[in-house]
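# A closer look at the structure
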Amino acid sequence: MRSFAKRHYLLCLIALLFLVFGLSLCFGRYSVSLSDIIYLVNNMINGNETALPHAYQAFFVIRLPRNIAALIVGGALAVAGAVFQGVFKNPMSSPDILGGATGAGFGAALGILLSFPMVVIQSMSFVGGLAAVLLTCLIGRSIDGHNVSPITLVLTGIVVSGIFQAAISLTKYVADPNSTLPSITLWLMGTFSGLGWDDVEPLVPLLVLAMIPMFLLRWRLSVLSMGDEEAQTLGVNVRFLRSVMIVCATFVTSATVAYCGVIGWVGLVIPHLARGLVGSEYSKLLPASLLLGASFTLMVDIVARSLLQVELPLGILTALIGAPFFLVLLKRGKKEWN
């Protein structure tokens, strides 16, 4: 069975994604049966949107856009995590390694504090994530010059992330504890609650466009993960490739935080699971990470909205799953990466 899965990994992961996506459409605080879904879709095609009005509202207006967002966000974060692990040759790398997530979180927190409209808050979050990574790169360049080493970028990212985390704490400290502070806290925990078609329509194209260069250059990324000298010997422009990958992965991270808040651990956990299934070759690793990340996030979202009467923030559940997995990685060390 395991050998079959390795040979036909793409088919198996697509089937898993279809299964989980179908379950996510049915389960929730308002259950919608498969027959109701077929009935609703048929009526919508025929232009009759008044049939089963409550089920129609739950399915088309609330659940379907939310599930599409969970699918694309989970897949994009997993791809960004796999890319960062290859670019920095570090199995513990994740999409927030250069401070993009904390920068985007600060932008959103500041926008909420100033009571800006949602579109402005999302824009500030997106710009904050890009600004944090740009600051990381500028500081790294001031230290190493034009040829910034990966280790310098990682260490600089830790510093920049700490600065923006302190700024987030300051924002929460001065926020109104009865209104603004809960909104900031919920955003930073990450959730798909409240996402509608107005959010999905710009989010999906943005994430897809950011992932296209990563997929087109995935064969060169396999060479880059071998080391800079080996990659240059094989004709790879290391500096250009690393810059493109960092920019694309940063766009993914910033856009995700801008629309869904901070959803951690997906970009760290899923690439390792995919690597255990298909190996370290990026031509297989990125598609596997995309499909596994989408399925994982959908499954976690089902639990988040179904486990308790009150919906749980997604970041809590991904941390509960990701933290023990991180301990396993620490125990296995280099064996997990090789």
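Above this text you will find the structure in question.
Residues numbered from 1 in each chain as written. Predicted model: local features only at pLDDT ≥ 70, side-chain atom pairs only at ≥ 80, totals over all residues. Heavy atoms only, no water.

## Focus: the packing of aromatic side chains
- In the structure shown here, the tally under the stated rule is four aromatic pairs.
- Here phenylalanine 59 and phenylalanine 60 contribute two aromatic rings whose centre-to-centre distance is 4.7 Å and whose plane-to-plane angle is 85 degrees, an arrangement assigned as edge-to-face. Phenylalanine 60 shares its class with phenylalanine 59; the two are buried. (Phe/Tyr/Trp six-rings, centres within 6.5 Å; stacked < 30°, edge-to-face > 60°. Buried < 20%, exposed > 50% of the residue type's maximum accessible area, 1.4 Å probe, protein only.)

## With respect to the side chain of serine 125
- As for its position among the elements, serine 125 is in helix 6 (residues 118-144).
- Residue serine 125 is classed as buried on the basis of its relative accessible area of 0%. (Helix = DSSP H or I, 4+ residues; strand = E, 2+ residues; numbered from the N terminus.)

## Observations regarding the environment of alanine 166
- Checked against the element boundaries, alanine 166 lands in helix 7 (residues 150-174).
- Sequence separation of alanine 166 and phenylalanine 106 is 60 residues, and the distance between their C-alpha atoms is 9.2 Å.

## Here we look at the pattern of salt bridges
- With the rule as written, the count across this model stands at three salt bridges.
- Put simply, aspartate 301 and arginine 66 hold a salt bridge, and the shortest N to O gap is 2.7 Å. Of the two residues, aspartate 301 is situated in helix 14 (residues 282-306) and arginine 66 in helix 4 (residues 53-87); the sequence distance between them amounts to 235 residues. Considered together, aspartate 301 and arginine 66 belong to a single accessibility category, that of buried residues.
- For arginine 305, the salt bridge is made with aspartate 301, and the minimal N-O distance between the two is 2.7 Å. Of the two residues, arginine 305 and aspartate 301 both sit in helix 14, four residues apart, roughly one turn of that helix.
- For arginine 305, a relative accessible area of 6% corresponds to the buried category.
- The buried category is assigned to aspartate 301, whose relative accessible area is 1%.
- Connected through shared salt-bridge partners, Arg66, Asp301, Arg305 and Glu311 make up one network. (Salt bridge = Lys/Arg side-chain N within 4 Å of Asp/Glu carboxyl O.)

## Quick word on helix 13 (residues 266-278)
- Look at helix 13: 18 Å from first C-alpha to last across 13 residues, which is about the 18 Å you get at 1.5 Å a residue.
- Within helix 13, 10 of the 13 residues are buried, leaving the element largely enclosed by the surrounding structure.
- When we look at burial in helix 13, the residues that qualify are Val266, Gly267, Leu268, Val269, Ile270, Pro271, His272, Ala274, Arg275 and Val278.
- Among the residues trailing helix 13, glycine 279 stands out with phi positive, at a value near 95 degrees. (Expected span 1.5 Å × (residues − 1).)

## A look at the packing of helix 7 against helix 8 (residues 180-189)
- Axis separation between helix 7 and helix 8 bottoms out at 8 Å; the angle between their running directions is 150 degrees. Comparing their axes, helix 8 and helix 7 come out roughly antiparallel. Once helix 7 is placed against helix 8, the crossing between them reads as left-handed. Facing Ile168, Thr171 and Lys172 of helix 7, the residues of helix 8 in contact are Leu181, Ile184, Thr185 and Leu188.
- The residue makeup of the contact of helix 7 with helix 8, split by class, is four nonpolar, two polar and one charged. (Axes fitted to C-alpha atoms, helices over the stretch in contact; angles between N-to-C directions. Parallel < 35°, antiparallel > 145°, perpendicular 65-115°, else oblique. Left-handed = near helix turned anticlockwise from the far one by under 90°. Contact = heavy atoms within 4.5 Å. Nonpolar A, V, L, I, M, F, W, Y, C, P; charged D, E, K, R; others polar.)

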